[in-house]
Amino acid sequence: MPDTHASTLETLMTAIRKAVGDRGLLTDPNDTDPYAEDWRRLYRGHAAAVVRPADTQELAAVVRLCGEAGVSIVPQGGNTSMVGGATPNANRTQIILSLARMNHVMQIDPVDMTLTLQAGVTLKAAQVAAADAGCLLPLSISSEGSAQIGGVLATNAGGNNTVRYGNARDLVLGLEVVLPDGEIWNGMRRLRKDNTGYCLRQLFCGSEGTLGIITAAVLKLAPQPREMAVALCAMPSPEAALDLFSRFQAHDAAAVQAFEYMSGPGMGFVTAHIPGAHVPLAEPAAHYVLVELATPRPNAGLRAAMEQVLEQALEDGVVTDAAIAESEAQRAAIWRLREEHSEAQKREGASVKNDVSVPVSKVPELIRRATMACETLMPGIRPVPFGHMGDGNIHFNLEQPIGADPTWFLAQDHAIMDAVNEVVRDLDGSFSAEHGIGQLKPYMMEDWRGGAELATMQRIKAALDPKGIMNPGKVLP
Ligand code: MLT
Ligand code: ZN
């Protein structure tokens, strides 16, 4: 590091310590390094410091100081990015701005059906706060115990209930954002209608910290379900899974809260690596579906509806076996089989992720063609497609061939992702459905979003962050 930069950083640290106090600043590499590695362990960065402001004013002061010093900022929530979105570079020249101390739920209004909270509240804590007030925060992702609201919104997370309630951005009524020059934008409105020019809150959702830092939000809540029914089904094929989805949609589309696909090999990894995981069906299957029905309507007879649709599907050979949860514990156990998919793949070895989407009707074709493409590219590779079939969003993950060197395998990631993406493009899909771009996928942006779309994004970035201090190297190539 050149001396001038070292002394700039030293001066900056003194000023930041004054702004946030000793509690708000970590500079010892033993303390900062755990923040600088991503959940997947694909990126190991090193930060000059981790700054943990106590409130928006402190955070804004830090952003202003960094802007003046020309030091860039990597905002970080629960550090659960799948694409290295919250990991700094390795030069100890960037600071991580952690929202972890800004973790207060400020207000729940059961009449307006809104939840007002700071960005550092975990998604799980936000769900619990909503449930305590008799409401539902209808966003659920596997990492919800760690993921924080700010990160969830900044990355426009999707998850398990998108089929019914939409993505994170669909739940946002208001935002507070610290802009790259340190100014605070207070857009904490909780209006269902507010048609007043460009929709700034939607600009920050999905911006991945490249345009500003979300510090608080107002979220839309939904009525809490009165009835729920969850089933795990063994399926003969991806086509049958699509057929079953259509049957539930035709029966009562408003009740379908989740419709998740899993493959036989993926389920095998879960039962092998996750203690206590057990598939409640007689035989292992080549494909599985988890379907969850829920409704706030009283006496809706969901359990009977679930049985009716499944019985007919069994009779028609669309489903080969099914287990309906009889208790909350069984429901949780079925969901665990789905939610531990990523963790189980991590324990099995190196894996390359493809978070892709296609029109729902094309999911079976995606699974078949991408499987073929990857097996042709690398004999022995193990496809583990799973995910949010009801949204057309499949995590087309690939596990390393048995016995292959993990480092060698991960070095092939671009070739593997390109092979899957070729199929995705042919099916009019997207190369990133819900995980965002981070530092893993900016190189794809020119190819997929180049021209007027990418140029507009670059102009917005240049206008809001002319010094380029906000999460550089992420999203834009
Ligand atoms: C999930 O839905 O569990 C995650 O988004 C998927 C992943 O690990 O690719
Ligand atoms: Zn997912």
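Above this text sits the structure in question.
A look at the site of ligand 1
Part 1 of the reasoning: Every residue lining ligand 1 is accounted for by Met 82, Ser 142, Arg 338, Ser 342, Lys 353, Phe 386, His 388, His 395, Asn 397, Glu 434 and His 435.
Part 2 of the reasoning: Contact between ligand 1 and His 395: an oxygen atom at 3.1 Å from a side-chain N or O atom of the residue.
Part 3 of the reasoning: Within the complex, the protein chains bury 93% of what would otherwise be the 280 Å² of accessible surface of ligand 1.
Part 4 of the reasoning: Listed by contribution, the elements that provide at least two residues to the shell around ligand 1 are strand E18 (382–388) and strand E19 (393–399).

Let's talk about the packing of helix H15 (residues 413–426) against helix H16 (residues 442–449)
Part 1 of the reasoning: As a packed pair, H15 and H16 sit with axes 13 Å apart at the nearest point and diverge in direction by 25°. In terms of axis orientation, H15 runs roughly parallel to H16. For the pair H15 and H16, the sense of crossing is right-handed. In contact with His 414, Met 417, Asp 418, Asn 421, Val 424 and Arg 425 of H15, H16 contributes Tyr 443, Met 444, Asp 447 and Trp 448.
Part 2 of the reasoning: Split by residue class, the contact of H15 with H16 holds 5 nonpolar, 2 polar and 3 charged.

Some remarks on the pattern of salt bridges
Part 1 of the reasoning: Tallied over the entire structure, the rule returns 24 salt bridges.
Part 2 of the reasoning: Two residues, Glu 292 and Arg 331, come together in a salt bridge whose shortest N-O distance is 2.9 Å. One end of the pair, Glu 292, is in strand E14 (residues 287–295); the other, Arg 331, is in helix H11 (residues 328–339), with 39 residues separating them in the sequence.
Part 3 of the reasoning: Note on Glu 292: relative accessible area 2%, which makes it buried.
Part 4 of the reasoning: Glu 348 is paired through a salt bridge with Arg 382; the nearest N and O atoms lie 2.8 Å apart.

Focus: the sheet that holds strand E1 (residues 25–26)
Part 1 of the reasoning: Sheet architecture is open: 4 strands sit in the order E1-E2-E4-E3, paired in mixed fashion. At either end of the open sheet lies a strand with only one pairing partner, and these are E1 and strand E3 (73–76).
Part 2 of the reasoning: Relative to strand E4 (residues 95–98), strand E2 (residues 49–51) runs parallel, the two being bridged by 3 bridges. Note that in E4 the partner of Val 50 across the bridge is Ile 96.
Part 3 of the reasoning: Against the sheet, helix H3 (residues 56–69) engages E2, E3 and E4, with an angle of about 165° to E4.

A closer look at the coordination of the zinc ion (ligand 2)
Part 1 of the reasoning: In this structure, His 388 (NE2), His 395 (NE2) and Glu 434 (OE) serve as the protein donors to the zinc ion (ligand 2), at separations of 1.9 to 2.2 Å.
Part 2 of the reasoning: Within one chain, the residues donating to the zinc ion (ligand 2) are spaced in sequence as H-x6-H-x38-E. Pair noted here: His 395 is in strand E19 and Glu 434 is in the loop between H15 and H16, with a separation of 39 residues, a long-range link. Taken as a pair, His 395 and Glu 434 share a single burial class, namely buried.

Focus: the packing of helix H13 (residues 363–377) against H15
Part 1 of the reasoning: The N-to-C vectors of H13 and H15 enclose an angle of 150°; their axes lie 9 Å apart at closest approach. As the angle between them shows, H13 and H15 are arranged roughly antiparallel. Of the two possible hands of crossing, H13 and H15 adopt the one that is right-handed. For the pair formed by H13 and H15, the contact residues are Leu 366, Arg 369, Ala 370, Ala 373, Cys 374 and Leu 377 on the first element and Ala 415, Ile 416, Ala 419, Val 420, Val 423, Val 424 and Asp 426 on the second.

Side note on the sheet that holds strand E10 (residues 213–220)
Part 1 of the reasoning: One open sheet accounts for 5 strands, arranged E5-E6-E10-E8-E9; its pairing is antiparallel. The strands lining the two open edges of the sheet, one partner per strand, are strand E5 (105–109) and strand E9 (184–187). Each strand axis lies, on average, 10° off the axis of its neighbour in the sheet, ignoring direction.
Part 2 of the reasoning: Pairing analysis gives 6 bridges linking strand E8 (residues 172–178) to E10, with the strands arranged antiparallel. Paired with Leu 175 across the strands is Ala 217, a residue of E10.

Re the packing of aromatic side chains
Part 1 of the reasoning: A complete count under the given rule lists 3 aromatic pairs for this structure.
Part 2 of the reasoning: In this structure, Lys 346 packs its charged tip against the face of Trp 39, placed 3.9 Å from the ring centre.
Part 3 of the reasoning: Over the face of the ring belonging to Trp 448 we find Arg 425, whose NZ or CZ atom lies 4.3 Å from the ring centre.

Remarks on helix H10 (residues 302–315)
Part 1 of the reasoning: Here H10 contains 14 residues, and its C-alpha end-to-end distance of 20 Å stays within 8% of the 20 Å for a straight helix at 1.5 Å per residue.
Part 2 of the reasoning: All of the buried residues along H10 are Leu 302, Ala 305, Met 306, Val 309, Leu 310 and Ala 313. Along the axis of H10, the buried positions cluster into a sector of 120°, meaning they face one direction only. Pointing more than 90 degrees away from the buried face of H10 are the exposed residues Gln 308, Glu 311 and Glu 315.
Part 3 of the reasoning: Summarising the contacts, the buried residues of H10 are in contact with strand E12 (227–235), helix H8 (238–252), E14 and strand E15 (321–324).
Part 4 of the reasoning: Positioned one or two residues after H10, Gly 317 has a phi angle of 75°, which is positive.

A short note on the side chain of Gln 127
Part 1 of the reasoning: Secondary-structure assignment places Gln 127 in helix H4 (residues 123–132).
Part 2 of the reasoning: With relative accessibility at 15%, the residue Gln 127 sits in the buried group.
Part 3 of the reasoning: Looking at Gln 127, its side chain comes within polar contact range of the main-chain oxygen of Leu 139, at 2.7 Å.
Part 4 of the reasoning: Those residues within four positions of Gln 127 in sequence are excluded, and the remaining contacts are Leu 137, Leu 139, Ser 140 and Glu 144.

Scoring rules and cut-offs
Residues numbered from 1 in each chain as written. Chains lettered and ligands numbered in written order. Predicted model: local features only at pLDDT ≥ 70, side-chain atom pairs only at ≥ 80, totals over all residues. Heavy atoms only, no water. Near = heavy atom within 4 Å. Polar contact = N/O pair within 3.5 Å; in protein donor to acceptor, adjacent residues only side chain to side chain. Areas by Shrake-Rupley, 256 points an atom, 1.4 Å probe, with all protein chains shown as cover. Helix = DSSP H or I, 4+ residues; strand = E, 2+ residues; numbered from the N terminus. Axes fitted to C-alpha atoms, helices over the stretch in contact; angles between N-to-C directions. Parallel < 35°, antiparallel > 145°, perpendicular 65-115°, else oblique. Left-handed = near helix turned anticlockwise from the far one by under 90°. Contact = heavy atoms within 4.5 Å. Nonpolar A, V, L, I, M, F, W, Y, C, P; charged D, E, K, R; others polar. Salt bridge = Lys/Arg side-chain N within 4 Å of Asp/Glu carboxyl O. Buried < 20%, exposed > 50% of the residue type's maximum accessible area, 1.4 Å probe, protein only. Pairing = 2+ DSSP bridges. Donors = N, O, S within 2.8 Å, 3.2 Å for Na, K, Ca; no water. Phe/Tyr/Trp six-rings, centres within 6.5 Å; stacked < 30°, edge-to-face > 60°. Lys NZ or Arg CZ within 6 Å of the ring centre and 35° of its normal. Expected span 1.5 Å × (residues − 1). Arc of directions from axis to C-beta.

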